[in-house]
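If you want the building blocks of each chain, they are given just below.
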Amino acid sequence: MIELLQMWALVEVLGFACLPLTVTVFHNLPDRGWAFSKALGVALLAFGVWFPLMCFQTLPFSQLFIAGVLLILLAGSVIGFLRTRQTISKVIHSNSGYLAACEVIFLGMVFLLGWIRSYGPDIRNFEMFMDEGFIASIMRSPHLPPADMWMSGYALNYYYYAHFTVGMLAKLLGQSPSIAFNTGICALFGLTAVNLFGVTCNIVGWAKHVRRAARTPGNAESVARPDTVHPRLLGAVPYGLLTMVMGLVLGNLAATQQWWREHGDATQFDWFSPTRVVDKTINEFPAFSFLLSCFHAHVLALAFTIVAIALALNLFLERGDEEDGGSRGLRVFGRGWRLPFTLGATALILGALFTMNGWDFPTYVGLAIICIALQQWLAHNAHFDVGLILDVFTAGAALIALSLLLYVPFYLHFISPALGLGIVDANNRSQPGDEVLIYGTFAFIFISLLVISAIKPGLFRRSSPAIVAATRPAWLNREALSIGLIGLVGLLVLLLMRNSGTFVLAGLITAFGVMLVLSRLRDRSLAFVLLLGTVAFGLVAVCEVIFLRDVFADSDPRMNTVFKFYFQCWALLSITSGAGLFFILEGLRPAAAVDAVQRWVQRGSQAAWLVVLCVLLLAGAVYPLVGTYARTNHYAQRTNSLDGLQYMQQYSPGDYYAIRWLNSHVEGDPVILESVGPDYSNYARISAFTGLPTLMGWVGHEYQWRVNWFNHGLNMADFARRTGDIDTIYTDPHPDVVMSLLARYQVEYVYVGPLEQAKYPTADLHRFGAFLQVVYAAGDVTIYQVTGQGH
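Procedures and definitions
Just so you know, the residues in each chain are numbered from 1, in the order the chain's sequence is written. Two thresholds apply to this predicted model, a pLDDT of at least 70 for residue-level local features and 80 or more for giving and counting side-chain atom pairs, whereas whole-chain, interface and lining totals are computed over all residues. The basis for every side-chain value is the complete set of non-hydrogen atoms in the structure, without hydrogens or water. The way it works is that DSSP assigns letters per residue, a run of H or I at least four long becomes a helix, a run of E at least two long becomes a strand, and they are numbered from the N terminus. Think of it in three bands: with a 1.4 Å probe and only protein chains considered, a residue is buried below 20% of the maximum accessible area for its type, exposed above 50%, and partly exposed in between. The predictor reports its confidence for every residue as pLDDT, a score running from 0 up to 100. Residues are treated as being in contact if the distance between any of their heavy atoms lies within 4.5 Å. Stacked, tilted and edge-to-face are the three classes assigned to paired rings of Phe, Tyr and Trp, where Trp is represented by its six-membered ring and a pair needs centres within 6.5 Å; plane angles under 30 degrees give stacked, over 60 edge-to-face, the rest tilted. Here, a charge over a ring means that NZ of Lys or CZ of Arg falls within 6 Å of the ring centre while also lying within 35 degrees of the ring normal. Only when DSSP finds a minimum of two bridges between them are two strands counted as paired. One fewer than the residue count of a helix, multiplied by 1.5 Å, yields its expected span. Throughout, an axis means a line fitted to C-alpha atoms (over the contacting stretch in the case of helices), and angles, computed between N-to-C directions, take values from 0 to 180 degrees. Two N or O atoms count as a polar contact when they lie within 3.5 Å, although within protein this holds only if one can serve as hydrogen donor and the other as acceptor, and sequence-adjacent residues are included solely when both atoms are side-chain atoms.

> Teacher, can you tell me more about unusual backbone geometry here?
Both trends apply: most residues other than glycine have a negative phi, and most peptide bonds are in trans. Here L144 and P145 are connected by a cis peptide whose omega angle stands at 5°. Note on placement: P145 falls in the loop between α6 (128-140) and α7 (161-173). A positive phi is found at R32, a non-glycine position, where the angle reads about 55°. Relative to the helices and strands, R32 is located in the loop between α2 (19-25) and α3 (37-55). According to the relative accessible area criterion, R32 is buried, its value standing at 2%.

Spelled out as C-alpha cells, the structure:
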C-alpha cells in the first residue's frame, strides 16, 4: 500500500504547487478553488508533459523529462506564491475548517477505495486487459503519440489522455503499470470526491452569503463582488457531504429492488445487474464504476468534468464594477492578469475532456457557454442588443477556439469512431418505470426544488419585484400560463409520439427548469443549481429521440449514448441534489408571519418530506453495502498489495514470470507476437501487461476504435490479414515464410506460452529455436528473439 501513499502525496504536492494559479482562476468562488487545486495541478502537469512531446516527437517520454517539467512548474509556483500570498492567507484564515474537511475527504476516499481494492486488486475479467494495455503502452512508449499495444505499427486511436495522465504520474513515481492501475483509480476516486464536495460547498456558501447580505438594511439589492469577499463555508459542509455521497457512494433504486426481491440475501446479490436497467443500454453510475475499478475513459474523466462545472460556476458569478464596463465580453474571465489565466485554465480543462472522453466535451462546453450567456445577460442589465450578442460570441468563441487549439496534436492523430446521428425507434425508448429505478431519488429532490422555487417568493422577488421584471422576458411574469402551455405541449407529444412517456416527463421537467432558471437568474446560486438539474433531464430527454451511431448501431443503437450521457447526468444531479437541499429546506422553513396552525402544517410538511428523503437515501445505501460485499467475495481475503498482476502467479505462473522478465529486460516498444483469441478472454495478456505492441489483440475492440480509420487507403486490408498471418507464423513449417512475415510486421519477439500451445496443439512450436534465438525459457513459456534485432 506504500504505492498508494506515494500517489496521494504526489497529487497533494501538485495541488499545493498549483494554489497560486487556482486562487487566480477561481477568483469568484468562496474557497478560491482550493477543493479543485489538486485536479488542476494534475491537469497542468499532464499538459506540460504531453504537449511538447506531441509537438516534438523526438523528445523522450522519460521519468527525467517529467521531473524536469515538474521542476519548472514548481519554480513558477514560487513566483505565484509571492504574488498571491495574501489571498491564500485570507482563504486559510477564513475557512480553515472547510479546508481541513477537503483534505480529510481526499485522503479518506483515496484510501477507502484502496482498502476495497486490496481485497481483489486483480486486473482480469471485463475489459481490464484493454485499460491495463493502454496504461502499459503509454508508460512504455519512448515517444508520443503512444503506440497501440494491440495493433503494432500504429498509434492509439482512442481517447487516451486520461490514461496518459495516470501513466505520467506513475512513471514519475517509478510504479509499474499493474500497480498504477489501482493507485490511479484510487487517486481519481479521491479527486472526484473532493471536487463534488467543493462545488456544492461553494454554491451553498455563496448562497448563504447573499442571503446574509440581503437581510442587512440597505443592502438587499446589492451583493459585493465575489472576488472581494471570503464567505465562510463550514456551514455548507453537510450539503457538500451529501453531494459526495450521492455522487460516489449510493447506488440506484434498481439495486434496492433486486436486494428486496432476494429477501435481503447479500450472498446472492448480483452487483452488476443494476447497471443494465434499460434494455439494450448501459446505465452505469459512479459507485458501480469505481467498485468495478473500471479504468474506462468516462470514469477517468469524471473528476475533471466536476472541475469543468466549478469553472462554469466561476464564470457565472463574475461581476465587475458597472461604472467601468462591468464584466462584459472577455471580462467574464476576469480583469487584468486574471483574464488570460482564467481563460487559459478553463480552456485547458474543457479541451482535455475531448481527449479523455469525447462524450463529455459537448456537454460541459455547452454548460460553460450557457453560463457565459446568462452572465452577459445580467452584465448588460437584462437588455437585449447587438452588444450582448457580440460579447457572448467573443467570450464563447475565444473559449472554444482555445480549448481546441491547445489539443491540436491529438486531433492530428485521431479519427473519431462516430458514424453520425440516428433517430431512436419507438421500440428502443425507455420506460418511465425504468427511469425511476435509475434516477428516482434525484428526481424527487429536483422536482421538489422546482415546485418550491415556483411557489416560494425568491430572495430578490421579496426585495424588489422590479428587479425580477427586468431580468426575464415578459411572458415569464405569467408563470402559471407558461406552465399550462408546457403541459399542453407535453400532452400533445404524448398522444402523437408512441412510447414517449420518458421523453415527455423529462422534457416537461427540462422546460419547467428552463423557465425557473430565467426567472430566478438574479439569485445566481439557485439559478446555477436549477441549471445543472435542467441540463441533466434535458440529456435524458435527448437520449429518447437521438443517438450517436457507432459500431453497435444495428444491434444496440442507444447503448453508448445512454451509457455516456446518463453517467454525466448522475454527476450533475448529485450536485443538484446536495446543493438543492439547502434551497428546499429554506423554502420549507415556516415564515415568521403565520399563525400557529399554518406553522404546524409547514413544519409537518417539512418533516414528511425529510422522512421520504431519508427513506430514499437509505434505499440507495443498499448498493454500496451489499455490492461491495459481493464484489470483494465477501471480504474473504485481503492482500497487502495493489499489484494487479500478482494473481497471475497462481493462475498462470509461466506467463507471470515471463511478463516480469519482459518488463525488466526489454526497453522501448519492440513488437512482440502472441496468439489471437476472442475479446474478453485471456488472450492478448502479454501485450496488455507489458505494453509491447503485438500484431493483433482483441479484434472487436480494435474494430470499434478504428471503424472510420478503415476508410483510409489500404487500412482495412492490413487489418483483415493480420489474424491469418499470426496463424501462419505459428503453424507454417517453412522458416522463410515465417521470417518474411516477421520482417513485414517488424516483429522482434515471438512468445510461446500456454495459450499458444493450447491454440496450436498440432504445430511444432519448438521449431522457432532453429532460426530464432531463445532469450527466455522457464516453465511452459519460451520467448524467441529475431536474430540481430535486440534492444
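Back to the write-up after that little detour.
> Is there a simple way to think about the confidence of the model for the protein chain in this case?
Low-pLDDT stretches of the model should not have their predicted coordinates read in fine detail. Summing up the model confidence of the protein chain, the mean pLDDT is 92 and the portion of residues at 70 or higher is 95%. Between residues 461-476, whose pLDDT stays under 50, and residues either more than four places distant or in other chains, the model counts 31 contacts.

> Hey, could you run me through the packing of aromatic side chains in this one?
To describe a pair of aromatic rings, one takes the distance between the centres and the angle between the planes. On inspection of all chains with the given rule, the structure shows 65 aromatic pairs. Ring plane angle 65° and centroid distance 5.5 Å describe the contact between W709 and F710, whose orientation is recorded as edge-to-face. Each member of the pair, W709 as well as F710, carries the same accessibility label: buried. Both rings, one in F768 and one in Y784, keep their centres 5.6 Å apart while their planes meet at 50°; by these two values the pair is tilted. Pair noted here: F768 is in the loop between α33 (754-759) and β5 (773-778) and Y784 is in strand β6 (residues 781-785), with a separation of 16 residues, a long-range link. On the basis of relative accessibility, which here comes to 4%, the residue Y784 falls in the buried class. The positively charged end of R83 is found above the aromatic ring belonging to W337, 5.6 Å away from the centroid.

> Looking at this structure, I do not really get the pairing of strand β4 (residues 747-752). What am I missing?
The side chains of a regular strand alternate, first on one face of the sheet and then on the other. Of all six residues in β4, six are buried; the element is thus mostly enclosed. Pairing of strand β3 (residues 671-673) with β4 involves three bridges; the strand directions are parallel. Looking at the pairing, L673 lines up with V750 of β4. Relative to β6, β4 runs antiparallel, the two sharing four bridges.

> Explanation requested: helix α13 (residues 302-316) in the structure shown.
Residue pairs three or four apart in sequence face the same way in an α-helix, which turns once every 3.6 residues. If you check α13, its first and last C-alpha atoms are 21 Å apart, about what 15 residues at 1.5 Å a residue would give, namely 21 Å. Most of α13 is tucked away: 15 of the 15 residues are buried.

> Teacher, can you tell me more about the sheet that holds β5 here?
Hydrogen bonding along the main chain pairs the strands of a sheet, whether they run parallel or antiparallel. Strand order in the open sheet formed by four strands is β3-β4-β6-β5, and the pairing between neighbours is mixed. Since the sheet does not close on itself, it has two edges, and those belong to β3 and β5, each with one partner. Along the sheet, successive strands turn relative to each other by an average axial angle of 20°, direction set aside.

> I keep staring at the side chain of T22 and nothing clicks. Help me out?
Mapped onto the fold, T22 is located in helix α2. A distance of 2.8 Å separates the side chain of T22 from the backbone oxygen of C18, its partner in a polar contact. Contact partners of T22, with chain neighbours within four places excluded, come to R32, G33, W34, S37 and L40.

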